[in-house]
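Here is how the chains run, residue by residue.
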Amino acid sequence: MAGQIVVAVDGSKPATAALEWAADDARRRGASLRIVHVREPWAHEYPFHAVEGFAQSYSEFCEGVLAAAASRAREIVPGLEVTTELAEGTVVETLRAGSAGADALVVGSRGMGGFSGLVLGSVGLGLAGHAEVPVVVVRKPHRDEYHEVVVGFDGSPHSEAALEFAFEEARARHGRVHAVYAWEMPMFSPFAVGYGTALEEIFDNECRAARLRLAPWRDKHPDVPLVESAVCGHPVPALADASLVADLVVVGSRGLGGVRGALIGSVSHAVLHRAHCPVAVVRPRDAES
């Protein structure tokens, strides 16, 4: 499963948390780690940058960020193959282009310096759902290990891409996949009689549909345990609750069925804000931008 994990750093605490997660993930996968710092070309134009000699000190700062990140990665995982890159350009576009072909792109939820706008809704959301590779957003250091990867599944191509990535991560962690299949109950007239039986039938049918849709995945990945939860309700609370005892939550960038409207900005957006562990947003490899 050797490949490459790309992580963006800028010297901030969230970026350091992302670096540590990425280094550990590269170790599990037997992959190399590429550390990228993006230098925005107009940084010297900011008012507080307009001091004599700033260009040189800013360059030194960028190099220092990379050197410190590489040192930390090697400290966490001795022997890890680490490379660094100082890129110049707009943060989102540079990271999107530079991560092509990697196994994953890892970013922190907020940043400073070159990532002055790195909050969920700008760089993080600009990458999630649009990069060619899975984007993992790390909000804070995640120390406990539960050996479980949670994934939102509804049978759509986007959720199937998420499920494939979830199996990869679970296998690397010697853990299991917890597939959450959520749907919202249709509205019934308040004058309907005997709707209790109808609700039971709908619940049973949805549970059966979830098992049928997941059956091929059990056959495809027999070495990775798979458990499923069929939830009648909105997927965001269900995934947020499941994240309490998970190492990673994986969602598709779009969804159908039980996760209708799961564009980045709705379900995926909400999960990024509410999950208690890192979140990976995955889109099908052949999906259009």
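As shown above, the structure is provided for reference.
No experiment lies behind these values; they were computed from the predicted model shown.

Undergrad: Mind showing me how you'd approach the nonpolar core here?
TA: One finds Val7, Leu33, Ile35, Val106, Val177 and Val250 to be the most contacted residues of the largest nonpolar core, which totals 48 residues. Discounting residues that sit within four places of it in the chain, Val177 has contacts with Val149, Val151, Leu163, Ala166, Phe167, Ala170, Val224, Pro225, Leu226 and Val227. Grouped together as the second largest cluster of nonpolar side chains are 34 residues, Ala87, Val137, Val180 and Val279 included.

Undergrad: When you look at unusual backbone geometry in this model, what are you seeing that I'm missing?
TA: Only a minority of non-glycine residues have a phi that is not negative, and only a minority of peptide bonds are not trans. With a phi close to 60°, His147 is a non-glycine residue in the positive phi region. As for its placement among the helices and strands, His147 is situated in the loop between strand 5 (135–138) and strand 6 (148–152). Unusually for a residue other than glycine, His174 sits at a positive phi of about 55°.

Undergrad: Which parts of the structure should I look at to understand the pairing of strand 10 (residues 279–282)?
TA: Of the two faces of strand 10, the one lined by Val279 and Val281 and the one lined by Ala280 and Val282 are each fully buried. Where strand 5 meets strand 10, three bridges bridge the pair, whose relative direction is antiparallel. Bridge pairing links Val137 to Val279 in strand 10. In terms of strand pairing, strand 9 (residues 248–252) meets strand 10 through four bridges, oriented parallel. Note on strand 10: the bridge partner recorded for Gly252 is Val282.

Undergrad: Mind showing me how you'd approach the environment of Arg283 here?
TA: Tracing the backbone through its elements, the reader meets Arg283 in the segment after strand 10. Of the residues examined, Arg283 reaches a relative accessible area of 7% and is grouped as buried. In this structure, the C-alpha to C-alpha distance between Arg283 and Val135, residues 148 residues apart in sequence, is 9.2 Å.

Undergrad: Looking at this structure, how should I read a nonpolar patch on the surface?
TA: Together, Tyr146, Leu244 and Val245 line one region of the surface with nonpolar side chains, adding up to about 260 Å² of accessible area. Its location among the elements puts Val245 in the loop between helix 7 (235–242) and strand 9. Judged by relative accessible area, which is 44%, Val245 ranks as partly exposed.

Undergrad: Please explain the layout of surface pockets as it appears in this structure.
TA: With a probe scaled to a water molecule rolled over the atoms, the places where space remains empty come into view. Here the largest pocket defines a volume of roughly 280 Å³. Along its surface, the largest pocket is lined by 18 residues, and Glu20, Trp21, Asp24, His142 and Arg143 are the ones closest to its centre. Listed by contribution, the elements that provide at least two residues to the lining of the largest pocket are helix 1 (13–29) and helix 2 (54–76). Split by residue class, the lining of the largest pocket holds six nonpolar, one polar and eleven charged. A volume near 160 Å³ is recorded for the second largest pocket. Along its surface, the second largest pocket is lined by twelve residues, and Pro134, Glu164, Phe165, Glu168 and Arg285 are the ones closest to its centre. Per-element accounting of the lining of the second largest pocket gives the leading share, four residues, to helix 5 (residues 157–172).

Undergrad: I'm lost on the sheet that holds strand 7 (residues 176–183) in this one. Help?
TA: Across a sheet, paired strands are connected by hydrogen bonds in the backbone, their directions being either parallel or antiparallel. Within the open sheet, the ten strands sit side by side as 3-2-1-4-5-10-9-6-7-8. Their pairing is mixed. The two strands at the open ends of the sheet, each matched to only one other strand, are strand 3 (82–88) and strand 8 (226–232). Between one strand axis and the next, the sheet turns through 25° on average, direction left out of account. When strand 1 (residues 4–8) meets strand 2 (residues 32–39), the two strands line up parallel, connected through five bridges. Across the sheet, Val6 pairs through a bridge with Arg34, a residue of strand 2.

Undergrad: Teacher, can you tell me more about the packing of aromatic side chains here?
TA: Applying the stated criterion across every chain, the model contains one aromatic pair. Aromatic pair Phe167 and Trp217: ring centres 6.1 Å apart, planes at 5°, arrangement stacked. Taken together, the residues Phe167 in helix 5 and Trp217 in helix 6 (residues 195–220) connect sequence positions 50 residues apart. Each member of the pair, Phe167 as well as Trp217, carries the same accessibility label: buried.

Undergrad: Mind showing me how you'd approach the packing of helix 7 against helix 8 (residues 267–274) here?
TA: Relative placement of two packed helices is described by the angle separating their axes and the distance separating the axes. Closest axis-to-axis distance for the helix 7/helix 8 pair is 9 Å, and the angle between their directions is 30°. Taken together, the axes of helix 7 and helix 8 are roughly parallel relative to one another. Helix 8 is crossed by helix 7, and the crossing has right-handed handedness. On helix 8, the residues touching Pro235, Val236, Pro237, Leu239 and Ala240 of helix 7 are Val267, Ala270, Val271 and Arg274. Split by residue class, the contact of helix 7 with helix 8 holds eight nonpolar, no polar and one charged.

Calculation criteria
- Residues numbered from 1 in each chain as written.
- Predicted model: local features only at pLDDT ≥ 70, side-chain atom pairs only at ≥ 80, totals over all residues.
- Heavy atoms only, no water.
- Core = buried A, V, L, I, M, F, W, Y, C linked by side-chain atoms within 4.5 Å.
- Buried < 20%, exposed > 50% of the residue type's maximum accessible area, 1.4 Å probe, protein only.
- Contact = heavy atoms within 4.5 Å.
- Helix = DSSP H or I, 4+ residues; strand = E, 2+ residues; numbered from the N terminus.
- Pairing = 2+ DSSP bridges.
- Patch = residues over 30% accessible without salt bridge, like charges linked within 9 Å, V, L, I, M, F, W, Y side chains within 5 Å.
- Areas by Shrake-Rupley, 256 points an atom, 1.4 Å probe, with all protein chains shown as cover.
- Salt bridge = Lys/Arg side-chain N within 4 Å of Asp/Glu carboxyl O.
- 1 Å grid on protein atoms, 1.4 Å probe; cavity = no way out; pocket = protein on both sides within 12 Å on 5 of 7 lines; lining within 4 Å.
- Points joined across faces, edges and corners; volume = space filled by probe spheres on them.
- Nonpolar A, V, L, I, M, F, W, Y, C, P; charged D, E, K, R; others polar.
- Axes fitted to C-alpha atoms, helices over the stretch in contact; angles between N-to-C directions.
- Phe/Tyr/Trp six-rings, centres within 6.5 Å; stacked < 30°, edge-to-face > 60°.
- Parallel < 35°, antiparallel > 145°, perpendicular 65-115°, else oblique.
- Left-handed = near helix turned anticlockwise from the far one by under 90°.

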